[in-house]
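Residues per chain, in single letters:
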Amino acid sequence: QVQLLESGGGLVQPGGSLSLSCTASGVGFSTYTMAWYRQAPGKERELVASIAPTGDTITYADSVKGRFTISRDNDKNTVNLQMNSLKPEDTAVYFCNSGTTWRFLPWGPGTQVIVSS
């Protein structure tokens, strides 16, 4: 059974940091480009960052470049997102999934990030 489970969200003040983690079960994790997506209320889901199977190719949305860092641990089937210098505009539900559309997996529950003072 394929499952994606995100964790680490919460409430943080502007300028603060948060670390998200995603665990993938029942999938050949090391063969997937993985990605983090986010969706704010009333908005479309958007790509935040992606990382190739071996971690050698990484992409970031312009809005998070220089503030967020994506990483993965293939031995643990996890992909992480370190978020620094958070802004209110980063408020959203964050999801992980394949970074390759034809290999999309069922969406997990996501984890809520709220950036507010």
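Located above this text is the structure these notes cover.
These notes cover the structure that comes with them. All values reported here derive from a predicted model rather than from experimental measurement.

## Here's the deal with the environment of Gln 112
Here is step 1: With respect to the secondary-structure elements, Gln 112 resides in strand S10 (residues 111-115).
Here is step 2: We classify Gln 112 as partly exposed; its relative accessible area is 37%.
Here is step 3: The spacing of Gln 112 and Phe 95 is 17 residues in sequence and 9.1 Å in space, taken between C-alpha atoms.
Here is step 4: What Gln 112 contacts, discounting residues up to four positions off in sequence, is Gly 9, Gly 10, Thr 91, Ala 92 and Val 93.

## Quick notes on the sheet that holds strand S8 (residues 78-83)
Here is step 1: Read from one edge to the other, the open sheet built from 4 strands follows the order S1-S3-S8-S7, with strand pairing classed as antiparallel. If you trace the sheet from one side to the other, it starts and ends with strand S1 (3-7) and strand S7 (68-73), each paired once. Put simply, the sheet's adjacent strands are angled 15 degrees from each other on average, direction ignored.

## Remarks on the nonpolar core
Here is step 1: Grouped together as the largest cluster of nonpolar side chains are 27 residues, with contacts concentrated most on Trp 36, Val 48, Phe 68, Val 79, Leu 81, Met 83 and Tyr 94.
Here is step 2: Among the elements of the structure, strand S3 (18-25), strand S4 (34-39), strand S5 (46-51), S7, S8, strand S9 (92-98) and S10 are those that each provide at least two residues to this core.
Here is step 3: Take this core: its biggest share by element is 4 residues, from S3.
Here is step 4: When residues no more than four places from it in sequence are discounted, the contact partners of Phe 68 are Arg 38, Val 48, Tyr 60, Leu 81, Gln 82, Met 83, Asn 84, Leu 86, Asp 90 and Tyr 94.

## Some thoughts on the pattern of salt bridges
Here is step 1: If you walk through the whole model with that rule in mind, you get 4 salt bridges.
Here is step 2: The shortest N-O distance in the salt bridge between Arg 38 and Asp 90 comes to 2.9 Å. With a gap of 52 residues between them, Arg 38 in strand S4 and Asp 90 in the loop between S8 and S9 connect regions that are remote in the sequence.
Here is step 3: Given a relative accessible area of 6%, Arg 38 falls into the buried group.
Here is step 4: Given a relative accessible area of 1%, Asp 90 falls into the buried group.
Here is step 5: A salt bridge links Asp 90 to Arg 67, with the nearest nitrogen and oxygen atoms 2.7 Å apart.

## Comments concerning the packing of aromatic side chains
Here is step 1: A complete count under the given rule lists 4 aromatic pairs for this structure.
Here is step 2: Here Phe 95 and Trp 107 contribute two aromatic rings whose centre-to-centre distance is 5.8 Å and whose plane-to-plane angle is 80 degrees, an arrangement assigned as edge-to-face. Taken as a pair, Phe 95 in strand S9 and Trp 107 in the loop between S9 and S10 lie far apart in primary sequence, 12 residues in all.
Here is step 3: By relative accessible area, Phe 95 is classed as buried at 10%.
Here is step 4: Judged by its relative accessible area of 35%, Trp 107 falls in the partly exposed class.
Here is step 5: A cation over a ring is seen here: Arg 45 above Trp 107, with NZ or CZ 3.9 Å from the ring centre.

Quick notes on the rules
Residues numbered from 1 in each chain as written. Predicted model: local features only at pLDDT ≥ 70, side-chain atom pairs only at ≥ 80, totals over all residues. Heavy atoms only, no water. Helix = DSSP H or I, 4+ residues; strand = E, 2+ residues; numbered from the N terminus. Buried < 20%, exposed > 50% of the residue type's maximum accessible area, 1.4 Å probe, protein only. Contact = heavy atoms within 4.5 Å. Pairing = 2+ DSSP bridges. Axes fitted to C-alpha atoms, helices over the stretch in contact; angles between N-to-C directions. Core = buried A, V, L, I, M, F, W, Y, C linked by side-chain atoms within 4.5 Å. Salt bridge = Lys/Arg side-chain N within 4 Å of Asp/Glu carboxyl O. Phe/Tyr/Trp six-rings, centres within 6.5 Å; stacked < 30°, edge-to-face > 60°. Lys NZ or Arg CZ within 6 Å of the ring centre and 35° of its normal.

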